[in-house]
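Survey of secondary and tertiary structure
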Amino acid sequence: MKISWLPTVAAMAVIGTVIRAAFFTPLEARQGAAQKIFYIHVPAAWVAFLAFALVAIASGVFLWVRDRRLDRFAESSAEVGVVFTTVVLITGPLWARPIWGTYWAWWDVRLVSTLFLWFIYVAYIVLRGAVESPELRARYSAVLGILGALLIPFIHLSVYLFATMHPLPIVGKPSSPSLPGEMLLTLLLSLFSFTLLYFAFVRARYYYAVERDAAMATAGHDA
Amino acid sequence: MPSSVMPRWQQLATMPETSFYYHLAYTIALGIYAGYGLNLYIRRKRVREGR
């Protein structure tokens, strides 16, 4: 069996990150172990934003040059982005419950707009399955992929614009990060390893799309 | 050591109730990633085998 290096390295990096977060990163004094959810929640949010931003860029360029490879990349990145956003939407409430005393607040703009982003890209996947013509499917989903990504800056700025329970960024703020060195190193490691996992997933999903289209073309269907 | 960091000797004894959510969050998140990876592997295998 052939072993691909990217998924292997990504999996090892994620396992190393989890071991470091669990056993070699100190507990935060007020939140205890729940604060360690930070090391999977924040990277998942970063990767989700990266994935959807790349969907928008690939979709925009696709509408210009009409290259099917860009459509396949956008399709792959959107699906992987939904997976990471799902992790954000599950780990966030599990962190919130012991700290805020509730899993969810419907009035909180950051929380609800992130859920809305998830719904938009789930709709993107449903749309791709609903349109038969490959050309129309690529065009419609490119437009939705671009429009969905417009939410990303709004979600990022929502903690500044509205009253929200969600904390402000502590690493990406204008002044210096207010994390102790050991915690900051674990966070940077987790951002790196989950970004690597994103590329491993997108690569595998892209090759799946190529093989699926080739199989459908062989069978005489439109890919 | 910054004041927000707890000495290691105190770590095991504090706030056991928050560790439930920590373990649950890691289990679910890693389960989702592993499940999606397996899903991709199976989908590619099926396409290659023409199923």
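Residues numbered from 1 in each chain as written. Chains lettered and ligands numbered in written order. Predicted model: local features only at pLDDT ≥ 70, side-chain atom pairs only at ≥ 80, totals over all residues.

1. Section: the overall build of chain B
- Looking only at helices and strands, chain B features two helices and zero strands.
- Sorting the 51 residues of chain B into buried and exposed places 16% on the buried side. (Helix = DSSP H or I, 4+ residues; strand = E, 2+ residues; numbered from the N terminus. Buried ≥ 20, exposed ≤ 12 C-beta atoms within 10 Å, placed from the backbone.)

2. Side note on the overall build of chain A
- In terms of helices and strands, chain A carries seven helices and zero strands.
- When the helices and strands of chain A are placed in sequence order, the string is α-α-α-α-α-α-α.
- At 19 Å, chain A has a C-alpha radius of gyration in line with the 17 Å of a compact globule built from 223 residues.
- When its C-alpha atoms are laid out on the principal axes, chain A stretches across 60 × 45 × 30 Å.
- Buried positions account for 39% of the 223 residues belonging to chain A. (Rg over C-alpha atoms; globule rule 2.2 N^0.38 Å.)

3. Digging into the environment of Leu117 of chain A
Residue and element names in this part refer to chain A.
- Along the chain, the position of Leu117 falls in helix α4 (residues 109-130).
- In this structure Leu117 comes out as buried when scored by C-beta crowding, with 24 C-beta atoms within 10 Å.
- On a C-alpha basis, the gap between Leu117 and Phe52 in space is 9.3 Å, while along the polypeptide they are 65 residues apart.
- Residues within four places of Leu117 in sequence aside, it is in contact with Thr85, Gly148, Leu151 and Ile155. (Contact = placed C-beta atoms within 7 Å.)

4. Here we look at the environment of Val80 of chain A
Residues and elements named next belong to chain A.
- Summarising the element assignment, Val80 is placed in helix α3 (residues 68-100).
- In this structure, the C-alpha to C-alpha distance between Val80 and Ala209, residues 129 residues apart in sequence, is 13 Å.
- Not counting chain neighbours up to four residues away, the residues in contact with Val80 comprise Ala51, Tyr198, Phe201, Val202 and Arg205.

5. Structural notes on helix α7 (residues 181-218) of chain A
- Here α7 of chain A spans 56 Å end to end across 38 residues, near enough to the 56 Å set by a 1.5 Å rise per residue.
- Positioned one or two residues after α7 of chain A, Gly220 of chain A has a phi angle of 90°, which is positive. (Expected span 1.5 Å × (residues − 1).)

6. Re unusual backbone geometry
- Residue Arg66 of chain A is not a glycine yet carries a positive backbone phi of 55°.
- Relative to the helices and strands, Arg66 of chain A is located in the loop between α2 (38-65) and α3.

7. Digging into the interface of chain B and chain A
- Taken residue by residue, the interface counts 28 residues in chain B and 31 residues in chain A.
- Breaking the side of chain B that touches chain A down by element, the ones donating at least two residues are α1 (8-11) and α2 (16-48) of chain B.
- Among the elements that take part in the side of chain B that touches chain A, α2 of chain B stands out by supplying 19 residues, more than any other.
- Looking at the side of chain B that touches chain A residue by residue, the class counts come to 17 nonpolar, six polar and five charged. (Nonpolar A, V, L, I, M, F, W, Y, C, P; charged D, E, K, R; others polar.)

8. A word on the confidence of the model for chain B
- Predicted confidence across chain B gives a mean pLDDT of 81, with 69% of residues reaching 70 or more.
- Scoring of the predicted complex yields 0.91 for pTM and 0.93 for ipTM. (pLDDT = per-residue confidence, 0-100.)

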